[in-house]
Amino acid sequence: YMPKTKYNDIYKNLKEKIENNYFKYLDFLPVENDLIKDYECSRNTLRRAVAILVKEGYLQTMQGKGVRNIYRKMSHKLFKLNTIETFKESAARTAQSSFNKVVLFTEVTCSENFAKRSGFRAGDELYYIQRVHYMDGRALILNHNYFLKSAVGNLSNDIAEHSIYEYLENNLGMNIVNSKRIITVEKADEIDEKYLNLNIEEYNCLAVVSSFTYNSEGIMFEYTVSRHKPDCFSFSDNAVRRNSP
């Protein structure tokens, strides 16, 4: 048994040191035995924390040499693809103010055509919400959110303006585990122009992230299409090359 708080605390502390340049770029971390003494933990606990940072692209393990810091600070506009992060959390991480504006909150029944696109089943009852995400007073993202009513309880306009994920996790106890994402570039439409204040002569397209998100019960409870102003966001992931069979 490994207490989650222990390895999670070590992970957070190491991550903070890396981000604050305590460990310099391309420098090696102290040897494993020294870190175990510093954190007063087991080898497995330390390795669990380091493994998360390797997966997130902060560290690289080099056999026979140790663990090296490969973190480089990215643009404050960065939107992460390798973690499920709410807009509110993204704004807090980049030290920017944020708020949501709900422009449509309704209920719909999934059609045969929409089932093919979204992954829901025809006949499913859904909440359909359009939200504009503002960061530092600027409208940056138009979200088209579809939530499976049977999985998310009683959503409301107030919940949507605050944080739907906070409600699902804190009030309903839902465990949100993974999200499949597809990125496309699409032409802007009239709704984009209206809510994102686009200058079509300058930008006539948007970066679009379609997300299919699952909870720990294996239920796809959300399908969301996020339409991003192209000059305001960049996207990041940490890719790992797998050896050929």
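What counts and how
- Residues numbered from 1 in each chain as written.
- Predicted model: local features only at pLDDT ≥ 70, side-chain atom pairs only at ≥ 80, totals over all residues.
- Heavy atoms only, no water.
- Axes fitted to C-alpha atoms, helices over the stretch in contact; angles between N-to-C directions.
- Helix = DSSP H or I, 4+ residues; strand = E, 2+ residues; numbered from the N terminus.
- Parallel < 35°, antiparallel > 145°, perpendicular 65-115°, else oblique.
- Contact = heavy atoms within 4.5 Å.
- Nonpolar A, V, L, I, M, F, W, Y, C, P; charged D, E, K, R; others polar.
- Buried < 20%, exposed > 50% of the residue type's maximum accessible area, 1.4 Å probe, protein only.
- Arc of directions from axis to C-beta.
- Salt bridge = Lys/Arg side-chain N within 4 Å of Asp/Glu carboxyl O.
- pLDDT = per-residue confidence, 0-100.
- 1 Å grid on protein atoms, 1.4 Å probe; cavity = no way out; pocket = protein on both sides within 12 Å on 5 of 7 lines; lining within 4 Å.
- Points joined across faces, edges and corners; volume = space filled by probe spheres on them.
- Core = buried A, V, L, I, M, F, W, Y, C linked by side-chain atoms within 4.5 Å.
- Pairing = 2+ DSSP bridges.
- Phe/Tyr/Trp six-rings, centres within 6.5 Å; stacked < 30°, edge-to-face > 60°.
- Lys NZ or Arg CZ within 6 Å of the ring centre and 35° of its normal.

Notes on the packing of helix 2 (residues 32–39) against helix 3 (residues 43–55)
The N-to-C vectors of helix 2 and helix 3 enclose an angle of 100°; their axes lie 10 Å apart at closest approach. By the criterion of interaxial angle, the relationship of helix 2 to helix 3 is roughly perpendicular. Contacts from Glu32, Asn33, Leu35, Ile36 and Tyr39 in helix 2 reach Arg43, Leu46 and Arg47 in helix 3. Residues belonging to the contact of helix 2 with helix 3 are distributed by class as follows: four nonpolar, one polar and three charged.

Remarks on helix 2
Where helix 2 is concerned, the buried positions are Leu35, Ile36 and Tyr39. Seen from one end, helix 2 has its buried residues packed into an arc of 105°, which puts them on one side. The exposed set on the far side of helix 2, more than 90 degrees from its buried face, consists of Lys37 and Asp38. Within two residues after helix 2, Glu40 carries a phi angle of roughly 50°, on the positive side.

Observations regarding unusual backbone geometry
One non-glycine residue with positive phi stands out, namely Leu26, at about 75°. Following the sequence through the fold, Leu26 ends up in the loop between helix 1 (4–19) and helix 2. A positive phi angle, near 50°, is found at Glu40, a position not held by glycine. Looking at the element boundaries, Glu40 is found in the loop between helix 2 and helix 3. The exposed category is assigned to Glu40, whose relative accessible area is 68%.

Some remarks on the pattern of salt bridges
Applying the stated rule across the entire model yields six salt bridges. Between Glu56 and Lys15 there is a salt bridge; the shortest N-O distance is 3.6 Å. Here the residue Glu56 occupies a position in the loop between helix 3 and strand 1 (59–62), and Lys15 occupies one in helix 1, the gap between them amounting to 41 residues. The salt bridge involving Arg227 is made with Glu186; its shortest N-O contact spans 3.1 Å. Separated by 41 residues along the polypeptide, Arg227 in strand 9 (residues 220–228) and Glu186 in strand 7 (residues 176–187) bring together distant segments of the chain.

Brief notes about the confidence of the model for the protein
Looking at the protein as a whole, its pLDDT mean stands at 87, while 86% of the residues score no less than 70. Predicted confidence in the protein is weakest over strand 3 (residues 78–80), with a mean pLDDT of 60, and strongest over helix 6 (residues 149–152), with 97.

Some points on the layout of surface pockets
In this structure, the second largest pocket occupies an estimated 290 Å³ of space. Around the second largest pocket, the lining comprises 16 residues; the ones closest to its centre are Glu32, Val50, Thr61, Gly66 and Val67. Of all the secondary structure elements, the ones that give two or more residues to the lining of the second largest pocket are helix 2, helix 3, strand 1 and strand 2 (66–69). At five residues, the largest contribution of residues to the lining of the second largest pocket is made by helix 3.

Some words on the nonpolar core
In globular proteins that are soluble, nonpolar side chains generally tend to be buried together. The biggest cluster of nonpolar side chains holds 38 residues, and the ones touching the most others in it are Phe120, Phe147, Val152, Leu155, Leu168 and Phe221. No other element matches strand 5 (residues 125–135), which puts six residues into this core. Aside from chain neighbours lying at most four places away, what touches Phe120 is Cys110, Phe114, Ala115, Leu126, Tyr146, Leu148, Met220, Phe221, Glu222 and Tyr223. Ranked by size, the runner-up nonpolar core spans 17 residues in total, among them Phe23, Leu35, Cys41 and Leu46.

Observations concerning the sheet that holds strand 4 (residues 98–109)
Across the sheet, six strands lie side by side as 4-5-6-9-8-7; this open sheet has antiparallel pairing. Each edge of the open sheet is held by one strand with a lone partner, namely strand 4 and strand 7. Going from strand to strand, the sheet's axes swing by 15° on average, the running direction of each strand aside. Strand direction decides the pairing type here: strand 8 (residues 205–215) and strand 9, joined by eight bridges, are antiparallel. Its bridge partner lying in strand 9, Tyr214 is registered against Met220.

Here we look at the packing of aromatic side chains
Overall, the coordinates contain eleven aromatic pairs when judged by the stated rule. Centroid distance Tyr58 to Tyr71: 4.8 Å. Interplanar angle 5°. Geometry classified as stacked. On the criterion of sequence distance, the pair formed by Tyr58 in the loop between helix 3 and strand 1 and Tyr71 in the loop between strand 2 and strand 3 is long-range, its members being 13 residues apart. The pair formed by Tyr58 and Tyr71 is uniform in burial state, with each residue classed as buried. With a centroid separation of 4.5 Å and an interplanar angle of 5°, the aromatic rings of Phe99 and Tyr134 are classed as stacked. Of the two residues, Phe99 is situated in strand 4 and Tyr134 in strand 5; the sequence distance between them amounts to 35 residues. An aromatic cluster is present here, built from Phe114, Tyr128, Tyr146, Phe212 and Tyr223 joined pairwise through their rings. In this structure, Arg48 is placed above the aromatic ring of Tyr7, and the distance from its NZ or CZ to the ring centre is 4.2 Å. Sitting over the face of the ring of Tyr127, Lys149 holds its NZ or CZ atom 5.5 Å from the ring centroid.

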